[in-house]
Amino acid sequence: MRSIDYDQEQYQDYARGRALTQQQLQVWLSAFAAVLPERRPLVGLDVGSGTGRFTPALAEAFGPVTGVEPSVRMREVAQTQSQHPGVRYLAGAAEDMPVPSGSADYALLFLSWHHVKDKPRAARELARVLRSGGRLLLRANFSDHHPRPWWLGHFPRGYEVDASLFQPLHEVIAMFTSVGWRVASFGTVTEPSSGTYGDMLERLRLRTLSFFGQLSPDELEAGFRRLEQAVAADPGAPAPVFAEPLLTLELR
């Protein structure tokens, strides 16, 4: 996987390219609530919080949240556009979080696990910062449980390249269980449509997905040409939805 430097690319368009509708956000919050303790408030960590697309909503729903994000530029956007009295944003990464041991009830990693460079260290660090019984909400793609969004097949080597970014599910589970975690649940969440095919094409053109950073210029040009031709046939049709994996781990 080619590493994405969010201080040099994507940070200007990320919030727009990866924005969630209110309906989509509520679906995810309901999914998180179903696997978190019922008591409130809960102290949360949004690890790889980016531009803060989830952080304020987590604070509103569950209690105070610390967003941990290594990119200076992404944090700057979050601090400007995703403010909330129950939120703070700190420099850090999954492998090294600037918070006390046993200080959080849960941590969310939403499509950030594949960016983590030292995954075994991150699994241990997440165990350090959560209290006993704490929950890790890992919204990640897995090479053997891949949602296969509708647009991916229009790009050369699309499925192959995208799946190569992710570990198989059993490998992730083995890594966490070896350092004191247990699997609490595994399922899928079907996010409501982001709009029409035309809407989705405009967002994809911003190239705020890690997948696009793995393709050559020729592959990108060919893929977008095919995608544009496909969308032109019915740009106003609702974009299809798909089931997205959510792995919940509990600290023993």
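Our subject is the structure listed above.
To start, this report covers the structure provided alongside it.

Parameters and conventions
Residues numbered from 1 in each chain as written. Predicted model: local features only at pLDDT ≥ 70, side-chain atom pairs only at ≥ 80, totals over all residues. Heavy atoms only, no water. Helix = DSSP H or I, 4+ residues; strand = E, 2+ residues; numbered from the N terminus. Rg over C-alpha atoms; globule rule 2.2 N^0.38 Å. Buried < 20%, exposed > 50% of the residue type's maximum accessible area, 1.4 Å probe, protein only. Phe/Tyr/Trp six-rings, centres within 6.5 Å; stacked < 30°, edge-to-face > 60°. Lys NZ or Arg CZ within 6 Å of the ring centre and 35° of its normal. Arc of directions from axis to C-beta. Polar contact = N/O pair within 3.5 Å; in protein donor to acceptor, adjacent residues only side chain to side chain. Contact = heavy atoms within 4.5 Å. Core = buried A, V, L, I, M, F, W, Y, C linked by side-chain atoms within 4.5 Å.

Details of the overall build of the chain
Then, in step 1: Within the chain one finds nine helices and seven strands.
Then, in step 2: A globule of 252 residues ought to have a C-alpha radius of gyration of about 18 Å, and the chain, at 18 Å, matches this closely.
Then, in step 3: Overall size of the chain, expressed as C-alpha extent along the three principal axes, is 55 × 35 × 35 Å.
Then, in step 4: Every one of the 252 residues in the chain was classed for burial, and the buried ones make up 53%.

Some remarks on the packing of aromatic side chains
Then, in step 1: Per the counting criterion, the structure on display carries 18 aromatic pairs.
Then, in step 2: Counting every residue linked through ring pairs, the aromatic cluster contains Trp151, Phe155, Phe211, Phe212 and Phe224.
Then, in step 3: A cation over a ring is seen here: Lys119 above Trp113, with NZ or CZ 5.7 Å from the ring centre.
Then, in step 4: In this structure, Arg148 packs its charged tip against the face of Tyr159, placed 4.1 Å from the ring centre.

Focus on helix H4 (residues 72-81)
Then, in step 1: For H4, every residue scored as buried is listed here: Met74, Arg75, Val77 and Ala78. Around the axis of H4, the buried residues are gathered within 160° of arc, so they sit on the same side.

Section: the side chain of Ser71
Then, in step 1: Along the polypeptide, Ser71 turns up in the loop between strand E2 (65-69) and H4.
Then, in step 2: For Ser71, the side chain forms a polar contact with the side chain of Asp7, separated by 2.8 Å.
Then, in step 3: When near neighbours in sequence (up to four residues on either side) are disregarded, Ser71 contacts Tyr6 and Asp7.

Observations concerning the nonpolar core
Then, in step 1: Core analysis: the largest hydrophobic core is formed by 29 residues, its most contacted members being Trp113, Leu126, Phe176 and Trp181.
Then, in step 2: Elements with a contribution of two residues or more to this core: strand E1 (44-47), strand E4 (104-110), helix H5 (119-129), strand E5 (130-139), helix H7 (169-177) and strand E7 (243-251).
Then, in step 3: Among the elements that make up this core, the one with the highest residue count is H5 (five residues).
Then, in step 4: Those residues in contact with Trp181, other than ones at most four positions away along the chain, are Ala123, Leu126, Ala127, Leu130, Gly134, Leu136, Phe176, Leu249, Glu250, Leu251 and Arg252.

Side note on unusual backbone geometry
Then, in step 1: Omega for the peptide link from Arg40 to Pro41 comes to 0°, which places this bond in the cis form.
Then, in step 2: For Pro41, the location among the structural elements is in the loop between helix H2 (22-35) and E1.
Then, in step 3: Its identity as a non-glycine residue notwithstanding, Gln10 has a phi of 75°, on the positive side.
Then, in step 4: Within the secondary structure, Gln10 is located in the segment before helix H1 (14-17).

Overview of the environment of Gly134
Then, in step 1: Within the secondary structure, Gly134 is located in strand E5.
Then, in step 2: Taking C-alpha positions, Gly134 is 38 Å from Pro238, a pair spaced 104 residues apart along the chain.
Then, in step 3: If we skip the residues at most four places from it in the chain, Gly134 touches Asp105, Trp181, Leu249, Glu250 and Leu251.

Quick look at helix H3 (residues 55-62)
Then, in step 1: With six of its eight residues buried, H3 lies for the most part within the structure.
Then, in step 2: Inspection of H3 places Thr55, Pro56, Ala57, Leu58, Ala59 and Phe62 among the buried residues, and these make up the whole buried set.
Then, in step 3: The inward-facing, buried residues of H3 abut H2, E1, E2, strand E3 (87-91) and E4.

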